[in-house]
Amino acid sequence: MASGLPVPAPPIGSDFSLSGVVPVPETWKPASVLVPLVDRQDGVTVLLTQRTADMPSHAGQIAFPGGRREVGEDAVATALRETEEEVGIARRFVEVVGAVDLYRTGTGFEITPVVGIVAPGFTIVAQAREVADVFEVPLEHFLDEVNHQISSREYQGRQRRYYAMPYGERYIWGATAGMLKNLHFILTAQETAAA
């Protein structure tokens, strides 16, 4: 760069960024999630869900509310619909900020994370078939790189490396942690530029 300033690393982008997953899917299923930033009096929190233990995929994992895009929907419409269906937060509580970098998963999804500021006053109504729990984590936890880990486990006969951002007894990892790493990159890059 002509200014001589260091250029930050690019966003994570996929489950393949740290170690690769073979084979890479040839086609991608479009999906969206809402990254709900709840504007609490004591500071901004990130609302997350824990999937039920009997889900056919990603059982028991921590995730953002979201899912597969339906015909005729854009990324924002999917994220808002899925959030209302999964956790009961009506659209009127969400001010959409915009989408961040796409995230591709080893299971063939191309996820658009949509960031939204959520006003307090909503009532959580978890969809019992999909959502075992709904909880909030201070955004500061995810913005502090001390809480970012790279872990590994065997997957389909290979060691797979992935991001993890544990919070107390909650193990936040994989695609959710990867999307949070991207959000961290965007928010801290703006802070660095402003300094």
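Calculation notes
- Residues numbered from 1 in each chain as written.
- Predicted model: local features only at pLDDT ≥ 70, side-chain atom pairs only at ≥ 80, totals over all residues.
- Heavy atoms only, no water.
- Helix = DSSP H or I, 4+ residues; strand = E, 2+ residues; numbered from the N terminus.
- Buried < 20%, exposed > 50% of the residue type's maximum accessible area, 1.4 Å probe, protein only.
- Expected span 1.5 Å × (residues − 1).
- Contact = heavy atoms within 4.5 Å.
- Polar contact = N/O pair within 3.5 Å; in protein donor to acceptor, adjacent residues only side chain to side chain.
- Salt bridge = Lys/Arg side-chain N within 4 Å of Asp/Glu carboxyl O.

(A) Highlighting the environment of A90. Inspection of the secondary structure assignment puts A90 in the loop between α1 (75-87) and β5 (94-99). Here A90 falls in the buried class, since its relative accessible area comes to 13%. With 34 residues separating them along the chain, A90 and I124 place their C-alpha atoms 9.7 Å apart.

(B) Structural view of α1. The end-to-end C-alpha distance of α1 is 18 Å, a good match for the 18 Å that 13 residues give at a rise of 1.5 Å each. Those residues of α1 that sit buried are A75, T78, A79, L80, R81, E82, T83, E86 and V87. As for α1, its buried residues are in contact with β1 (29-40), β2 (43-51), β4 (66-68), β5, β7 (109-118) and β8 (131-138). Its side-chain oxygen 3.3 Å from the backbone nitrogen of V76, D74 forms the N-cap of α1. Looking one or two residues past α1, G88 carries a phi angle of roughly 80°, positive in sign.

(C) Examining the pattern of salt bridges more closely. Under the defined criterion, the tally for this structure stands at 10 salt bridges. A salt bridge links E136 to R40; its shortest N-O distance comes to 2.6 Å. You can see E136 sitting in strand β8 and its partner R40 sitting in strand β1, a full 96 residues away along the chain. For E136, a relative accessible area of 27% puts it in the partly exposed group. Measuring nitrogen to oxygen at the nearest pair gives 2.8 Å for the salt bridge that ties R104 to E110. Judged by relative accessible area, R104 falls into the partly exposed class, the value being 32%. Taken together, the salt bridges that share partners define one network made up of E70, E73, R81, E82 and E85.

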